[in-house]
Amino acid sequence: MQFPRAAAAAVVVLSLSLFLLSSTTTAHNITSILAKFPEFSTFNHYLTETKLALEINERETITVCAVNNAGMADLLSKHLTLGPLKNVLAFHVFLDYFDSKKLHQITDGTALAATIFQATGSAPGASGFVNITELAGGKVGFSPKDNGGNISAFFVKQIEAIPYNISVIQISNTLQSSEAEAPAPEPSQTNLTDLMSAHGCKVFAETLAANPAHETFQSNIQSGLTIFCPGDDAMKKFIPKFKNLSADGKQSLLEYHATPIYASIRDLRSSNGLTTTLATDGVKKFSFTVQNDGNDVTIETKLVTATIVNTLIDKAPLAIHQLNKVLVPEELFNSSLSPTPAPAPAPDADAESPKPAKNKPHSPPDPADPSDSPADAPDGDVADQTAKGGAATKFGGGVFGAVILGFCFVFLQLSVKEVEDATVAVLCVDEADAESGLIRKLG
């Protein structure tokens, strides 16, 4: 039975249409784009260091104004901390698409572009906007909205463009913004225990305040700090086990609940993998794995998986996320969540060797069944964990299946005639063989 040619043609047209439609959506990776140009290595490095690259990779219809290594010297000479430095770089990312052609065809010769710095809510008033002005002689100038119209930088060249998705251009030097450069609060101005106590983490805050770990937390705020504080119910249940730890163990467990870098909830959703903590000292790794399932973010140790249930504060350089469980490091506890005993003296040679303690080194797990262990940390820069390559087509499995199905219909339609001919030939041969056999029997 032959398939109707019209039906086969319809399937092919539909499949190809879906394929072409799917290929119009493109992912980008700003780190990989700039990695092809060594003259922008400093700018690229700080996009990754501040984790601004993650936000750029998640957005569409944007323009990145890159500055070469020489142009970055003035900004770096100010020795800004990570928070203000991120704000300044965010001031160089427009929330609209401007390639070379569009820059030289601006309506009425001027345009106002909002930046990621404006979108963070940290920019006072309209200080997060940039004026783009078409000048005489084909030049294009850039200036902060509130600087009286003085041109701060000029368009140099197009670096790369994925039309209406991302445009990466070079400008002559960094855009100046005193608001973006404003320093973050000093550590003495941020009372961690008060912040946590007022938002459901009072037990953890009081425990921290009575421990030398509190000083470690405070000293890391200015350079970047993320705290994962267990809620009061979880911490109350854990206190008996906490009290059984040694003094060093108590400090390590508290420091295990913080990382020495600022990580917003957006950052955690985008950069899954193994993470070091304030307790990491090189000998005992004290690391955990960040994972996400949609909007839910979990923190996984070898002994427990905790979920972020609330964000108490999220303003660079400090983020505090509340957990539903206490994080339990295997360096301090065995599989029964009891404190790991101190090593026993070496036994005599004739004595029977005791069974080893169930205390595995906390290193990235060997390849195993994904359902049995957390995923290993991805290699490469943080930004490269989001996407691979400067641009990659997003290709849906369903669309791919539709394309294959369409080609199958075409194949069947084109080959049905050959199949029928082959079948007739086989039947003829069978009939001839049968006739020859009958003649031999009669003979």
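Keep in mind that what you see is a predicted model, and the values were worked out from it rather than measured.

Whenever I open this one, the sheet that holds strand β15 (residues 318–323) confuses me. Can you help?
The pairing of strands in a sheet comes from backbone hydrogen bonds and takes either a parallel or an antiparallel form. Spatially, 7 strands are ordered β10-β9-β15-β14-β13-β12-β11 in an open sheet, and the strand pairing comes out mixed. The strands lining the two open edges of the sheet, one partner per strand, are β10 (258–259) and β11 (273–275). Where strand β9 (residues 225–230) and β15 come together, 6 bridges link them in parallel fashion. Within the sheet, the bridge partner assigned to Ile227 lies in β15 and is Ile320.

Would you mind going over the nonpolar core with me for this structure?
The tendency in soluble globular proteins is for nonpolar side chains to be buried side by side. The biggest cluster of nonpolar side chains holds 45 residues, and the ones touching the most others in it are Leu192, Met196, Phe217, Leu225 and Ile227. When residues no more than four places from it in sequence are discounted, the contact partners of Leu225 are Leu192, Phe217, Asn220, Ala258, Thr259, Ile261, Tyr262, Leu278, Pro317, Leu318 and Ala319. Counting 44 residues, the second-largest nonpolar core is a separate cluster that includes Val88, Leu103, Ala113 and Val168.

Can you help me understand the pairing of strand β5 (residues 129–134) in this one?
It is a general feature of regular strands that their side chains alternate between the two faces of the sheet. Sheet analysis places strand β4 (residues 110–114) next to β5, joined by 5 bridges and oriented antiparallel. Across the sheet, residue Ala114 finds its bridge partner in β5, namely Phe129. Between β5 and strand β6 (residues 140–144), which follow one another and run antiparallel, lie 5 residues, and Gly137 among them has a positive phi close to 80°.

Would you mind showing me how to read helix α6 (residues 82–90) here?
In an α-helix, one full turn covers 3.6 residues, which means residues spaced three or four apart are oriented alike. In terms of burial, α6 is largely enclosed, as 8 of its 9 residues are buried. Taken together, the buried positions of α6 are Gly83, Pro84, Leu85, Lys86, Asn87, Val88, Leu89 and Ala90. Packed against the buried residues of α6 are α3 (41–49), α4 (52–58), α5 (69–76), β3 (93–94), α8 (116–119) and α9 (178–181).

Could you clarify how one ought to interpret the confidence of the model for the protein in this entry?
Where the model shows low pLDDT, its predicted coordinates should not be examined in detail. Residue-level pLDDT values for the protein average 77, and 68% of them are 70 or greater. The low-confidence segment residues 342–389 (pLDDT under 50) makes 62 contacts with residues lying over four places distant or belonging to another chain. Low pLDDT, under 50, characterises residues 422–443; the stretch is placed with 0 contacts to residues that sit more than four places away or in other chains.

Help me understand the packing of α3 against α5 in this model?
Relative placement of two packed helices is described by the angle separating their axes and the distance separating the axes. Put simply, α3 and α5 touch, their axes get as near as 8 Å, and they point 50° apart. If you check the angle between α3 and α5, you find them oblique. Where α3 abuts α5, its residues Ser41, Thr42, Phe43 and Tyr46 lie against Asn69, Met72 and Leu76. Among the residues making up the contact of α3 with α5, the classes are represented as 4 nonpolar, 3 polar and no charged.

I keep staring at the sheet that holds strand β8 (residues 166–171) and nothing clicks. Help me out?
Spatially, the 7 strands line up as an open sheet ordered β3-β2-β8-β7-β6-β5-β4, and their pairing is mixed. Each edge of the sheet is formed by a strand with only one pairing partner; in this case those strands are β3 and β4.

Help me out: how do you make sense of unusual backbone geometry in this one?
Across residues other than glycine, the phi torsion is negative in most instances, and most of the peptide bonds are trans. In this model, Tyr164 sits at a positive phi of 65°, which is unusual for a non-glycine residue. Structurally, the position occupied by Tyr164 is in the loop between β7 (153–162) and β8. Look at Tyr164 and you get exposed, because its relative accessible area is 65%.

Teacher, can you tell me more about the packing of helix α11 (residues 202–209) against helix α13 (residues 232–243) here?
Two elements in contact, α11 and α13, have axes separated by 8 Å at closest approach and are oriented at 40°. With respect to α13, the axis of α11 lies oblique. Between α11, through Lys202, Val203, Phe204 and Thr207, and α13, the contact on the second element is made entirely by Asp232, Met235, Lys236, Ile239 and Phe242. The residue inventory of the contact of α11 with α13, partitioned by class, reads 5 nonpolar, 1 polar and 3 charged.

What exactly am I supposed to notice about the side chain of Thr50 here?
One can find Thr50 in the loop between α3 and α4. Of the polar contacts made by the side chain of Thr50, one reaches the backbone oxygen of Tyr46; its length is 2.7 Å. In this structure the side chain of Thr50 is engaged in a polar contact, spanning 3.5 Å, whose partner is the backbone oxygen of Leu47. Among residues more than four places away in sequence, those in contact with Thr50 are Leu82, Leu85, Lys86 and Leu89.

Explanation requested: the packing of aromatic side chains in the structure shown.
Where two aromatic rings form a pair, the distance of their centres and the angle of their planes describe that pair. In the structure shown here, the tally under the stated rule is 9 aromatic pairs. Taken together, a centroid distance of 6.5 Å and an interplanar angle of 75° make the contact between Phe37 and Phe40 edge-to-face. According to the relative accessible area criterion, Phe37 is partly exposed, its value standing at 23%. A residue is classified by how much of its surface remains accessible, and Phe40, at 0% relative accessible area, is buried. Where Tyr256 meets Phe286, the ring centres are 6.0 Å apart and the plane angle is 65°; that geometry is what we call edge-to-face. One end of the pair, Tyr256, is in the loop between α14 (247–255) and β10; the other, Phe286, is in the loop between β11 and β12 (288–293), and 30 residues separate them in sequence. On the basis of relative accessible area, Phe286 is assigned to the buried category, the value being 2%. Here the aromatic residues Phe228, Tyr256, Phe286 and Phe288 are joined through ring pairs into a cluster of three or more.

What counts as what
- Residues numbered from 1 in each chain as written.
- Predicted model: local features only at pLDDT ≥ 70, side-chain atom pairs only at ≥ 80, totals over all residues.
- Heavy atoms only, no water.
- Pairing = 2+ DSSP bridges.
- Helix = DSSP H or I, 4+ residues; strand = E, 2+ residues; numbered from the N terminus.
- Core = buried A, V, L, I, M, F, W, Y, C linked by side-chain atoms within 4.5 Å.
- Buried < 20%, exposed > 50% of the residue type's maximum accessible area, 1.4 Å probe, protein only.
- Contact = heavy atoms within 4.5 Å.
- pLDDT = per-residue confidence, 0-100.
- Axes fitted to C-alpha atoms, helices over the stretch in contact; angles between N-to-C directions.
- Parallel < 35°, antiparallel > 145°, perpendicular 65-115°, else oblique.
- Nonpolar A, V, L, I, M, F, W, Y, C, P; charged D, E, K, R; others polar.
- Polar contact = N/O pair within 3.5 Å; in protein donor to acceptor, adjacent residues only side chain to side chain.
- Phe/Tyr/Trp six-rings, centres within 6.5 Å; stacked < 30°, edge-to-face > 60°.

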